[in-house]
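Chain by chain, the residues:
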Amino acid sequence: FFFFFFFFKQKTAYEMLRSLVGSEMCIRDRYRIIDFPLSNCVNSGIEAVGVLTQYQPLVLNEYIGTGQAWDLDGMNSGVQVLPPYQGSNGADWYKGTANAIYQNINYIERYNPDYVVILSGDHIYKMNYSKMLSFHKECNAACTIAALEVPMAEASRFGILNTNEDGSIYEFDEKPEKPKNNKASMGIYIFTWKKLREYLVEDEKDPNSSNDFGKEILPNMLNNGERMFAYDFEGYWKDVGTIDSLWESNMDLIDIDTSLDLSDESWKIYSRNPVMPPHYVGDNAKINKSLVSEGCEVYGKVDYSVLFSGVYVGENAVIQDSIIMPGTRIEDGAVVKYLSLIHISEP
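Residues numbered from 1 in each chain as written. Predicted model: local features only at pLDDT ≥ 70, side-chain atom pairs only at ≥ 80, totals over all residues. Heavy atoms only, no water.

**A closer look at the pairing of strand β12 (residues 169-174)**
Each regular strand carries side chains that alternate between the two faces of the sheet. Applicable threshold: Think of it this way: DSSP has to see at least two bridges between two strands before they count as a pair. Each helix corresponds to a stretch of at least 4 residues labelled H or I by DSSP, and each strand to a stretch of at least 2 residues labelled E; elements are numbered beginning at the N terminus.
As paired elements, strand β11 (residues 159-163) and β12 share five bridges and run antiparallel to each other. By the bridge assignment, N162 is partnered in β12 with E171. The antiparallel pairing of β11 with β12 creates a hairpin that spans five residues between the two strands, and G167 there sits at a positive phi of about 90°.

Listed below in structure tokens is the structure:
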């Protein structure tokens, strides 16, 4: 048995479109970003899930609910949103990724885990974590980091893993100016819990630490000679932390030939249903190579775009190469083109 943890970043992508927290950002007409790691978790056989966030926890609480949509509401399974809280020694925001885990050590140890999986919550991909865990065990590793080859021109944007032939890591460069290779960390970690706990406690004692996995925990483990390995991943993966990357990921998924197959019955991506009526297409409407979700009414032209639930498109309106977020109203004759992400906030 092992335990699974998320960490959600601070606000990005233009304040996450002003109102939606990162994990709540919309993907491919019906999904939220959090659906991908949660579904990966369930499909991998992980039943205990903790979600750490310090920005708008109410939004996540409302969306995740009891975890029923992901089959995480059983007697021996569950998902908990874990924002910072006030204890006997006062309250404090999560100071970094490592501190977020440290503040929840007592919660983790309720499950007495041998291994802990730690992920970022704003990535889109499919991955079987149980296979990564098997690799971790076979290598007798203290830490295993999922790695993906990226274009060399983009390698300086990532933490780079320099490895030996057997996959063991001998050097970790956090966003180097001149990377030695293009093997990038995906921000997916498996730790042997007893070992990670030691480093979290020591890191918390250091007043000069930024309490970050990439800056302190991983380099400290490497410098102390811990067994650390890279687990090579092949497939679709997108870090959705900017407006551009959010738009790109949605455009990718319009293409039926994309490497991320959301129609795969063997590895489903689960989501909460918005419980709306079927979409309606007017007599004069034209829709070309687009995704239209439940509750939409379309009377204008939609071309190579994504309409999320409850969107209204008026007569003679034109939407092209765009993403329209839930509940948006596009009035008659309006024109929305390329790289538009339209969202209407609740008052």
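**Here we look at helix α8 (residues 213-223)**
Inclusion rule: Exposure is judged per residue with a 1.4 Å probe applied to protein chains only, and the accessible area is read against the type maximum: over 50% gives exposed, under 20% gives buried, and values in between give partly exposed.
Every buried residue belonging to α8 is among F213, G214, E216, I217, L218, M221 and L222, and all of these are buried. Positive backbone phi, at 80°, marks G225, one or two positions downstream of α8.

**Some words on the environment of A155**
To be explicit about the condition: Note on definitions: a residue-residue contact is assigned when non-hydrogen atoms from the two residues lie within 4.5 Å.
In this structure, A155 sits in the loop between β10 (143-149) and β11. Measuring from C-alpha to C-alpha, the distance between A155 and K183 comes to 7.8 Å, with 28 residues separating the pair along the chain. Excluding residues within four positions of it along the chain, A155 makes contact with V150, I160, P179, N181 and N182.

**Side note on the side chain of N211**
With respect to the helices, strands and loops of the structure, N211 is situated in the loop between α7 (193-205) and α8. Look at N211 and you get buried, because its relative accessible area is 4%. With residues near it in sequence (within four places) discarded, N211 still touches K95, G96, T97, A98, N99, D203, E204 and E216.

**Describing the pairing of β10**
In terms of burial, β10 is a largely internal element, six of the seven residues being buried. Bridge analysis of β10 against strand β13 (residues 183-192) gives six bridges, and the strand direction is antiparallel. Its bridge partner lying in β13, E149 is registered against K183.

**Looking at unusual backbone geometry**
You will see that D71, though not glycine, has its phi angle at about 60°, which is positive. Assignment of secondary structure puts D71 in the loop between α3 (57-64) and β5 (78-82). Despite not being glycine, K175 has its phi angle at roughly 50°, a positive value. Checked against the element boundaries, K175 lands in the loop between β12 and β13. Given a relative accessible area of 52%, K175 falls into the exposed group.

**Brief notes about the sheet that holds strand β20 (residues 301-303)**
As a reminder, the rule being used: Here an angle of 0 to 180 degrees is reported between the N-to-C directions of two axes, which are lines fitted to C-alpha atoms, with helices fitted over the stretch in contact.
Across the sheet, four strands lie side by side as β17-β20-β23-β26; this open sheet has parallel pairing. This sheet does not close on itself; its edge strands, each paired only once, are β17 (286-288) and β26 (335-337). The sheet shows a mean angle of 5° between the axes of neighbouring strands, taken without regard to direction. Relative to strand β23 (residues 318-320), β20 is paired through three bridges, and the arrangement is parallel. What sits directly across from D303, in β23, is Q320.

**Observations regarding the confidence of the model for the protein**
Counted only if it meets this: pLDDT measures how confident the predictor is about each residue, on a scale from 0 to 100.
Summarising the model, the protein shows a mean pLDDT of 86, and 86% of its residues fall at 70 or more. Between the elements of the protein, mean pLDDT differs from a low of 42, seen in helix α1 (residues 13-17), to a high of 98, seen in strand β19 (residues 297-298). Predicted confidence for residues 8-24 stays below pLDDT 50, and this span has 49 contacts to residues more than four positions away or in other chains.

**Digging into the environment of Y63**
In plain terms, the rule: Pairs of N or O atoms are called polar contacts if they sit within 3.5 Å, as long as, within protein, a hydrogen donor faces a hydrogen acceptor (for residues adjacent in sequence, only side-chain-to-side-chain pairs).
Topologically, Y63 is positioned in helix α3. In this structure the side chain of Y63 is engaged in a polar contact, spanning 2.9 Å, whose partner is the side chain of D35.

**Notes on the sheet that holds strand β25 (residues 329-330)**
With respect to topology, four strands assemble into an open sheet ordered β16-β19-β22-β25, the strand pairing being parallel. Only two strands of the sheet have a single partner each, and these edge strands are β16 (280-281) and β25. As paired strands, β19 and strand β22 (residues 312-313) are joined by two bridges and run parallel to one another. What sits directly across from E297, in β22, is Y312.

**Side note on helix α6 (residues 129-138)**
Spelled out, the test is: The directions considered for the arc run from the helix axis to the C-beta atoms.
Those residues of α6 that fall on the buried side of the exposure criterion are Y129, M132, L133 and H136. Taken end-on, α6 shows its buried residues confined to a sector of 100°, consistent with a single buried face. Turned more than 90 degrees away from the buried face of α6, the exposed residues are K131 and E138. Taken from the residues just after α6, N140 is the one with a positive phi, measuring 50°.

**Comments concerning the pattern of salt bridges**
Defined as follows: Salt bridge, as applied in this entry: a Lys or Arg side-chain nitrogen positioned within 4 Å of an Asp or Glu carboxyl oxygen.
Enumeration according to the criterion identifies eleven salt bridges in this entry. Among the charged side chains, a network of salt bridges with common partners joins K238, E248 and D252.

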